[in-house]
Amino acid sequence: MAEGKTSRTFTGSSLQTGLFGRKIIYYPRVTSTMDVAREEARKGTDTGTVVIAGDQTEGRGRIKRTWLSPKGNIAFSVVLYPEVSYLPFLVVIAALAVARSIEEITGLETQIKWPNDILIGKKKVSGILIENEVKRKKVLYAIVGIGINTDVTPVQKESSALPATCLKDELGGNVIRTNIIKQILQEMERLYLELPVSEPMLREWRDRLVTLGRSVRVCSDGTTLEGVAEAVDATGSLLLRYADGSSTTIVAGDVTLRDNDKE
Ligand code: BTN
């Protein structure tokens, strides 16, 4: 699963958090940081433990997709033990933390494509994966996995995939990966400690969503639905309005923006 573990702890001055990243486990190469984080969580590691990989050989994305994670890009997972009612908001706080941090460190403008893609222009630069185990309404653990194309734009095999980009290409220069990771951990901890989700948090998330008001195709639970992405509700679910005026609420799915297909 992993090669050459190095565990280290940031000092208070370099990372301004109380929980997130107090314990950091670094591997030059792993199958997936989600696997290592899950193993750590099952052993009861501290809240906010971070697993970072140099590269992943079996990186994964949502809906059983592969996440290509070559050396030079960011791949890490954070272990949390939230209340069950907070689970739907982990993607909200993670997406906001990534979007804000990329903007803060690089000056590049970002958008969010519901529920978990971070875009620059119309191209995907980052993805978020949440995995959890719940037993009798108690969260045993939740893992927030974040991948960011920093130095390399992966070559995608799926023709339907959103076009991708990397920060280096967008900026025309290098970014320091640790600065981005630190900023994300700080932003995400602040938002996590604010849960349950506040109105300003939801408002910022909605404002950053490129999806709203757009004609979309949503793959959810094996079916494809088409309509206009009208709104997101207080739990982060998407309200899809069909052409006949009726509507449905989607908790999880994969969205394609139809007005510029292949997005
Ligand atoms: C997606 O866009 O579908 C989500 C991609 C999530 C990728 C990250 S990289 C760190 C962590 N480890 C993984 O195997 N996946 C997540």
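As shown above, the structure is provided for reference.
Structural notes, computed from the coordinates. This is a predicted model, so every value here is computed, not measured. (Residues numbered from 1 in each chain as written. Predicted model: local features only at pLDDT ≥ 70, side-chain atom pairs only at ≥ 80, totals over all residues. Heavy atoms only, no water.)

## Comments concerning the site of the ligand
Working step 1: Neighbouring the ligand are 21 residues; Ser32, Gln56, Arg60, Arg62 and Lys124 lie closest to it.
Working step 2: In the model, a nitrogen atom of the ligand is placed 3.1 Å from a nitrogen or oxygen of the Thr33 side chain.
Working step 3: In this structure, Arg60 approaches the ligand through a main-chain N or O atom, which is 2.7 Å from a nitrogen atom.
Working step 4: When the ligand sits alone it has 420 Å² of accessible area, and the protein chains cover 97% of it.
Working step 5: Looking at the shell around the ligand, the elements that each hand over two or more residues are helix 1 (33–42), strand 5 (74–80), strand 8 (123–135) and strand 9 (138–148).
Working step 6: Of the residues forming the shell around the ligand, the biggest block, 4 residues, is contributed by strand 8.
Working step 7: A breakdown of the residues in the shell around the ligand according to their chemical character gives 7 nonpolar, 10 polar and 4 charged. (Near = heavy atom within 4 Å. Polar contact = N/O pair within 3.5 Å; in protein donor to acceptor, adjacent residues only side chain to side chain. Areas by Shrake-Rupley, 256 points an atom, 1.4 Å probe, with all protein chains shown as cover. Helix = DSSP H or I, 4+ residues; strand = E, 2+ residues; numbered from the N terminus. Nonpolar A, V, L, I, M, F, W, Y, C, P; charged D, E, K, R; others polar.)

## A short note on the pattern of salt bridges
Charged atoms that come close allow side chains of opposite charge to pair.
Working step 1: For the coordinates displayed, the defined rule picks out 21 salt bridges.
Working step 2: When the shortest N-O distance is used, the salt bridge between Lys43 and Glu40 registers 3.6 Å.
Working step 3: Overall, Glu40 belongs to the buried group, its relative accessible area being 6%.
Working step 4: Here Arg190 ties to Glu187 by a salt bridge, and the two come within 3.6 Å at their closest N and O atoms. Within this pair, Arg190 and its partner Glu187 are both found in helix 4 (residues 177–194), separated by 3 residues, close to a single helical turn.
Working step 5: In this structure Arg190 comes out as partly exposed when scored by relative accessible area, which is 48%.
Working step 6: For Glu187, a relative accessible area of 9% corresponds to the buried category.
Working step 7: One continuous salt-bridge network, built from bridges that share partners, spans Arg100, Glu103, Glu187, Arg190, Glu204 and Arg208. (Salt bridge = Lys/Arg side-chain N within 4 Å of Asp/Glu carboxyl O. Buried < 20%, exposed > 50% of the residue type's maximum accessible area, 1.4 Å probe, protein only.)

## A word on the packing of aromatic side chains
Working step 1: Scanning the model with the defined rule gives 1 aromatic pair in all.
Working step 2: Relative to Tyr192, the ring of Phe20 lies with its centre 5.6 Å away and its plane at 55 degrees, an arrangement referred to as tilted. Linking Phe20 in the loop between strand 2 (6–8) and strand 3 (24–30) with Tyr192 in helix 4, this pair joins segments that are 172 residues apart in sequence. Of the two residues examined, Phe20 and Tyr192, each falls in the buried class. (Phe/Tyr/Trp six-rings, centres within 6.5 Å; stacked < 30°, edge-to-face > 60°.)

## Quick word on unusual backbone geometry
Working step 1: Residue Pro115 is reached from Trp114 by a cis peptide bond, and omega for that bond is 0 degrees.
Working step 2: Assignment of secondary structure puts Pro115 in the loop between strand 6 (111–113) and strand 7 (117–120).
Working step 3: With an omega of 5 degrees, the peptide bond running from Leu195 to Pro196 counts as cis.
Working step 4: With respect to the secondary-structure elements, Pro196 resides in the loop between helix 4 and helix 5 (199–208).
Working step 5: We note that Ile63 has phi near 40 degrees; this positive angle belongs to a residue other than glycine.
Working step 6: Tracing the backbone through its elements, the reader meets Ile63 in the loop between strand 4 (50–56) and strand 5.
Working step 7: With a phi close to 65 degrees, Lys137 is a non-glycine residue in the positive phi region.
Working step 8: Within the secondary structure, Lys137 is located in the loop between strand 8 and strand 9.

## Brief notes about the packing of helix 2 (residues 90–106) against helix 5
Working step 1: For the pair helix 2 and helix 5, the least separation of the axes is 10 Å and the interaxial angle reads 65 degrees. The pairing of helix 2 with helix 5 is recorded here as roughly perpendicular in orientation. Every pair of crossing elements has a handedness; the one defined by helix 2 and helix 5 is left-handed. Contact residues: helix 2 offers Val92, Ile93, Ala95, Leu96, Ala99, Arg100 and Glu103, while helix 5 offers Met201, Glu204, Trp205 and Arg208. (Axes fitted to C-alpha atoms, helices over the stretch in contact; angles between N-to-C directions. Parallel < 35°, antiparallel > 145°, perpendicular 65-115°, else oblique. Left-handed = near helix turned anticlockwise from the far one by under 90°. Contact = heavy atoms within 4.5 Å.)

## Quick look at helix 1
Working step 1: Buried residues dominate helix 1, accounting for 7 of its 10 residues.
Working step 2: Looking at helix 1, one finds that the buried residues are Thr33, Met34, Asp35, Val36, Ala37, Glu40 and Ala41.
Working step 3: Buried residues belonging to helix 1 abut strand 3, strand 4, strand 5, strand 8 and strand 9.
Working step 4: Of the residues flanking the start of helix 1, the one acting as N-cap is Ser32, its side-chain oxygen 3.0 Å from the backbone nitrogen of Met34.
Working step 5: One or two residues past the end of helix 1 sits Gly44, with phi positive at roughly 80 degrees.

That's the geometry; what it means functionally is another story.
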